[in-house]
Protein chains: 2
Amino acid sequence: MEERSDDADRAGPLSGVMVLDLSRVLAGPYATMMLAELGARVVKVEAPGVGDDSRQIGPFKEGESAYFASINRGKESIALDLKAAGDRVIFEALLARADVLVENFRPGVMARLGYGWEVLRARHPRLVYAAASGFGQTGPEAARPAYDMIVQAMGGVMSVTGHEGGPPTRVGTSIGDITAGLFTVIGVQAALWHRERTGVGQLVDVAMLDCQIAILENAIARYAVSGVAPGPLGARHPSITPFAAYACADGHIVIAAGNDGLWATLLGVLGAETLANDARFLSNALRTEHAELVAEALEARLRERPCAHWLAVLEAAGVPCGPLQDVAQALNHPQVRARNMVIGTAFPGGAPLLAAGNPVKLSAHADPATRPPAPVLDGDRAAILAELGL
Amino acid sequence: MEERSDDADRAGPLSGVMVLDLSRVLAGPYATMMLAELGARVVKVEAPGVGDDSRQIGPFKEGESAYFASINRGKESIALDLKAAGDRVIFEALLARADVLVENFRPGVMARLGYGWEVLRARHPRLVYAAASGFGQTGPEAARPAYDMIVQAMGGVMSVTGHEGGPPTRVGTSIGDITAGLFTVIGVQAALWHRERTGVGQLVDVAMLDCQIAILENAIARYAVSGVAPGPLGARHPSITPFAAYACADGHIVIAAGNDGLWATLLGVLGAETLANDARFLSNALRTEHAELVAEALEARLRERPCAHWLAVLEAAGVPCGPLQDVAQALNHPQVRARNMVIGTAFPGGAPLLAAGNPVKLSAHADPATRPPAPVLDGDRAAILAELGL
């Protein structure tokens, strides 16, 4: 953006904030990736020998995990055995300098290491302590292990995703972890803000299961009003019609005609004006009640021509629509490229890697097209020890 | 949590922050709901007569939208015609007091009203201006209309959700809007932090499409390594096995046995120890290559007993697992209740309404079991005008 070029301070807004990161795999590392994107320094503390478990999770390229590399770009790494006296000295020296600690162990693990929130709060009253866990630090099931798949299933998202009568369907990306990561970032920033005013840090306790409840949105509202748990809705909106994926001659497109005006325009584009007077389709409520009939009526026309034709004429008429794109098409979409949403980073070994950019575009800060690589396990040990004078 | 009771300052961390909210429907209102949850004051500026479009979107109870009420709880409402001189005076007086402006119009709408970022930046240099839009403020397709369904389709999430060969499948909750809302909160907090250090606000530009790219996670890594766009994976993890929904006698459960030790334990629980030596299942990589055979082998045992039996014995053995719960079951789950994730709020008319709680649990701040109601359209006009001396 033009206004970016005349600002003096181009580093991220959180530059100067130091994050000590004990987290592994996804929820915590996604949170610290975003904190790094915002300019924070992230020092990743990994288990000696193996490091973050996600170093062993595919896909791999020449033995290195692309999954690990994409989420951990730009972080520093030091391998510490938190049960070994010498490494505990290093960890405690890092803690004394940290603004934020992020961990995603099961509740109790940090306390058994002697680094529970109550202990650290007493020693480091300014520390923001963020714990991202499966079920949270409190409650009868706090100690249960959780993964994305489990909270998608337990939190209800799986029950509203998929097709009626069909098999269970997981959201194809780990939104159980990712939403927990995002809420953790929100909590960390709120706690930093509070610390600026009061001088005191606090515990940020985010549970993956809680986050699934927080994103249920319309499904909760429907249950709250009707007392009936909603089922899966395929590829349509629960209360707006037409607002779904519809079949054309060579594939599907999405049409989102959310009001009476767009409905009329859509019918005009399809040459189906006679439907405008159909008593079953006179309002959004009626169209939603008869959503399958709406789909049949629209698809009777749409199947006559290919997706590209319909997208062009619908766009020209101002009817919101879009193509179903696979990941390759999405990453190469001109708008996605223009927004710098595909950035270049690198595996720890130096091989280049494409990854998702930062969707938070800030006018006062740079949005570079590349990021530093993900760290080699323990790769920053010498520099960190020198900095600590150890 | 115990430590909450001895803190003096129980108001949210963002108390004292004033948010002027022009946003409608979901992405923007979800962001300002979270800002309100964190203690900010949110003044919702609505179009006279109809207000936020989501007041007309179901589900309804006695004519009031539960969808609107759940997302707009605790906000104030004033109806202003931003093209009318008198209302513009009120809006500008509010702007002068606001820390944050949130809008989710299509790019260009605010500029045509005379309230574009460049104009407001000059008048209110401390203002944080957050624009959540479908495609962003920049790029060749910035002006296109977008809805959740469209960005789920264009951003690639729909391409990895569902079952191979099956129909298109939308994530059953509006993650296109919700993730944009969450990234907007992250951007607003980062910009407020930056303002504390520099005295200067900035533009926070968040696009729903960008946010879909940002959550593709493992799917991007797979594409980056292989050059092949990944397809839908049903209800299993792309690179960990067994990590999926599996059929028991009376339904499905999720099992997440992500390493060799848990695999061995799982086989023991199922009485299927002989599989431990099966050459096709010796490592996670091999099990993922043969994921369908793994499912067949496990389900041959699992189908002999009901879900409750297997959940009990798997939990006892320490194998991560969980039930598939519908929205009613999820909201009534003891852990969800214990974490205060179902709160009481109210329709604008006063009728009670259940809604999702705040998943960001902060030890220094209250997490009440109730929230103030969503506002009547223009319901706070008199109080706001009195406050402004107008």
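No experiment lies behind these values; they were computed from the predicted model shown. (Residues numbered from 1 in each chain as written. Chains lettered and ligands numbered in written order. Predicted model: local features only at pLDDT ≥ 70, side-chain atom pairs only at ≥ 80, totals over all residues. Heavy atoms only, no water.)

**A look at the overall build of chain A**
Point 1. Each helix and strand counted, chain A has 17 helices and 14 strands in total.
Point 2. For the C-alpha atoms alone, the extent of chain A along its principal axes is close to 80 × 50 × 45 Å.
Point 3. Residues counted as buried form 62% of the 390 residues belonging to chain A.
Point 4. Intrachain contacts of chain A at a sequence separation of at least 6 include 68% that bridge at least 24 residues.
Point 5. Taking the average location of the 33 positive side-chain charges in chain A and that of its 42 negative ones, the two points are 4 Å from each other. (Helix = DSSP H or I, 4+ residues; strand = E, 2+ residues; numbered from the N terminus. Buried < 20%, exposed > 50% of the residue type's maximum accessible area, 1.4 Å probe, protein only. Contact = heavy atoms within 4.5 Å. Lys, Arg positive; Asp, Glu negative; His and termini not counted. Charge placed at Lys NZ, Arg CZ, Asp CG, Glu CD.)

**Considering the nonpolar core**
Point 1. If you look at the biggest cluster of nonpolar residues, it comprises 144 residues, and the most contacted ones within it are Y30 and F183 of chain A together with Y30 and F183 of chain B.
Point 2. If sequence neighbours within four positions are ignored, Y30 of chain B has contacts with F183, A214 and I215 of chain A together with I71, I178 and L182 of chain B. (Core = buried A, V, L, I, M, F, W, Y, C linked by side-chain atoms within 4.5 Å.)

**Digging into the relation of the copies chain B and chain A**
Point 1. Of the transformation superimposing chain B on chain A, the axial component is 0.0 Å and the angular component is 180°, with the fit at an RMSD of 0.0 Å. On the angle and the small slide along the axis, the relation comes out as a two-fold axis.
Point 2. Both copies share a contact surface, since 100% of the interface residues of chain B are interface residues in chain A too. (Least-squares fit on C-alpha atoms with pLDDT ≥ 70 in both.)

**With respect to the layout of surface pockets**
Point 1. Each pocket or cavity is described by its volume, and for the second largest pocket that value is around 1,000 Å³.
Point 2. Surrounding the second largest pocket, 40 residues form its lining, R24, V25, D53 and Y147 of chain A together with N259 of chain B being those nearest its centre.
Point 3. Elements with a contribution of two residues or more to the lining of the second largest pocket: strand 7 (128-133) of chain A together with helix 11 (260-270) and helix 12 (284-289) of chain B.
Point 4. Looking at the lining of the second largest pocket residue by residue, the classes come out as 20 nonpolar, twelve polar and eight charged. (1 Å grid on protein atoms, 1.4 Å probe; cavity = no way out; pocket = protein on both sides within 12 Å on 5 of 7 lines; lining within 4 Å. Points joined across faces, edges and corners; volume = space filled by probe spheres on them. Nonpolar A, V, L, I, M, F, W, Y, C, P; charged D, E, K, R; others polar.)

**Re the packing of aromatic side chains**
Residue and element names in this part refer to chain B.
Point 1. The final tally for this structure, using the stated rule, is eight aromatic pairs over all chains.
Point 2. Ring centres of W263 and F281 lie 5.9 Å apart, and the angle between their planes is 75°; this geometry places the pair in the edge-to-face category. Here F281 lies in the loop between helix 11 and helix 12 and W263 lies in helix 11, a separation of 18 residues in the sequence. F281 shares its class with W263; the two are buried. (Phe/Tyr/Trp six-rings, centres within 6.5 Å; stacked < 30°, edge-to-face > 60°.)

**Some words on the pattern of salt bridges**
Point 1. Tallied over the entire structure, the rule returns 42 salt bridges over all chains.
Point 2. D260 of chain A serves as the salt-bridge partner of R287 of chain A, at 2.9 Å between the closest nitrogen and oxygen. Residue R287 of chain A is located in helix 12 (residues 284-289), and its partner D260 of chain A is located in helix 11 (residues 260-270); the two are separated by 27 residues in the primary sequence.
Point 3. Its relative accessible area of 0% is what places R287 of chain A among the buried residues.
Point 4. Residue E387 of chain B is joined to R97 of chain B by a salt bridge in which the shortest nitrogen-to-oxygen separation is 3.6 Å. Of this pair, E387 of chain B sits in helix 17 (residues 381-388) while R97 of chain B is found in helix 3 (residues 85-97), placing the two residues 290 residues apart along the sequence.
Point 5. Each of E37, R73, K361, D367 and R371 of chain A takes part in salt bridges that share partners, so that together they form one network. (Salt bridge = Lys/Arg side-chain N within 4 Å of Asp/Glu carboxyl O.)

**Let's talk about the interface of chain B and chain A**
Point 1. Contacts between chain B and chain A engage 140 residues on the former and 140 residues on the latter.
Point 2. A buried area of about 11,900 Å², summed over both sides, lies between chain B and chain A, and 67% of it is on carbon and sulfur atoms.
Point 3. Here chain B and chain A share six salt bridges between them.
Point 4. Of the charged contacts, one joins D210 of chain A and R339 of chain B as a salt bridge, the two residues approaching to 2.9 Å between their closest N and O atoms.
Point 5. There are 54 residue pairs in polar contact (both at pLDDT 80 or more) connecting chain B and chain A.
Point 6. Per-element accounting of the side of chain B that touches chain A gives the leading share, 14 residues, to helix 8 (residues 175-198) of chain B.
Point 7. Of the strand pairs in this sheet, strand 14 (residues 361-362) of chain A and strand 8 (residues 203-207) of chain B are connected by two bridges, and their pairing is antiparallel. (Buried area = accessible area lost by both parts, 1.4 Å probe. Polar contact = N/O pair within 3.5 Å; in protein donor to acceptor, adjacent residues only side chain to side chain. Pairing = 2+ DSSP bridges.)

Read these as geometric descriptors, not functional statements.
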